[in-house]
Amino acid sequence: MQAEPLEPAAIRQITRVVRSEIKLSGPIPDPTTLRGYEAVQEGFAERIMAMAEREQSHRHSMDNLDVKQSYRLAARGQIFALLALSIMAALAITLALVGEPVWATVAGGVDVAAVVGVFITGQRRTTEEQAVPDQGGQERDALPSGRPDRSDESSDPR
């Protein structure tokens, strides 16, 4: 069975389907949607913008709090580590002075092993953290521009 050629009138009736897609991200709608909200009730667009600004301010304050708490925790850990190391060193010195060289060596060895272990595991953890990219990054810190991403929009091939 052979296909029959189309008549010129039938060719003109064939329609083209063009798919257009707009991707939006962030708390701020695109300008067209904002105008639609404003048409529903005056002041909606301003309220949406204020909400987005409050949300960004909240995220920034939480990030700042997280950084401060991490710093405090690290500083407190260093102080306690220094205190524990000092106590163990004093114990090793005391044991050496009272004539227990074996126990003094054990106590001093534990000190050295703990310090070396912390530096090795701390260095490894830092290297691993640098290898993993930040998932939030810059996009989380800034309000979006409100412009839609039209990179996936189909173009008319005329």
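Since the model is a prediction, treat every value here as computed from it, not as a measurement.

Q: Just to check I follow, could you spell out the layout of surface pockets for this structure?
A: Using a probe with the size of a water molecule, rolled over the atoms, empty space left in the structure can be pinpointed. A volume near 490 Å³ is recorded for the largest pocket. Lining the largest pocket are 14 residues; nearest its centre among them are Gly 77, Gln 78, Ala 81, Leu 82 and Val 118. Elements that contribute at least two residues to the lining of the largest pocket include exactly helix H3 (44-97) and helix H4 (101-131). If one sorts the elements of the lining of the largest pocket by residue count, H3 sits on top with eight residues. Its residues assigned to classes, the lining of the largest pocket comprises 11 nonpolar, two polar and one charged.

Q: What's the story with the nonpolar core in this structure? I'm lost.
A: Across soluble globular proteins, you tend to see nonpolar side chains buried next to one another. Ile 28, Leu 34, Ala 45, Ile 48 and Ala 52 form the largest nonpolar core, which has five residues in total. Here this core gets three residues from one element, more than from any other, and that element is H3.

Q: Mind showing me how you'd approach the side chain of Asp 30 here?
A: Within the element layout of this structure, Asp 30 appears in the loop between helix H1 (8-13) and helix H2 (31-40). Polar side-chain contacts of Asp 30 include one of 2.6 Å to the side chain of Thr 33.

Q: What is the right way to look at the pattern of salt bridges in this model?
A: It is possible for side chains bearing opposite charge to pair when their charged atoms get close. The full count for this structure, using the stated rule, is two salt bridges. In this structure, the salt-bridge partner of Glu 21 is Arg 19, at a minimum N-O distance of 2.2 Å. A residue is classified by how much of its surface remains accessible, and Arg 19, at 56% relative accessible area, is exposed. With a closest N to O distance of 3.8 Å, Glu 55 and Arg 59 form a salt bridge. Within this pair, Glu 55 and its partner Arg 59 are both found in helix H3, separated by four residues, close to a single helical turn. The exposure class of Glu 55 is partly exposed, given its relative accessible area of 37%.

Parameters at a glance
- Residues numbered from 1 in each chain as written.
- Predicted model: local features only at pLDDT ≥ 70, side-chain atom pairs only at ≥ 80, totals over all residues.
- Heavy atoms only, no water.
- 1 Å grid on protein atoms, 1.4 Å probe; cavity = no way out; pocket = protein on both sides within 12 Å on 5 of 7 lines; lining within 4 Å.
- Points joined across faces, edges and corners; volume = space filled by probe spheres on them.
- Helix = DSSP H or I, 4+ residues; strand = E, 2+ residues; numbered from the N terminus.
- Nonpolar A, V, L, I, M, F, W, Y, C, P; charged D, E, K, R; others polar.
- Core = buried A, V, L, I, M, F, W, Y, C linked by side-chain atoms within 4.5 Å.
- Buried < 20%, exposed > 50% of the residue type's maximum accessible area, 1.4 Å probe, protein only.
- Polar contact = N/O pair within 3.5 Å; in protein donor to acceptor, adjacent residues only side chain to side chain.
- Salt bridge = Lys/Arg side-chain N within 4 Å of Asp/Glu carboxyl O.

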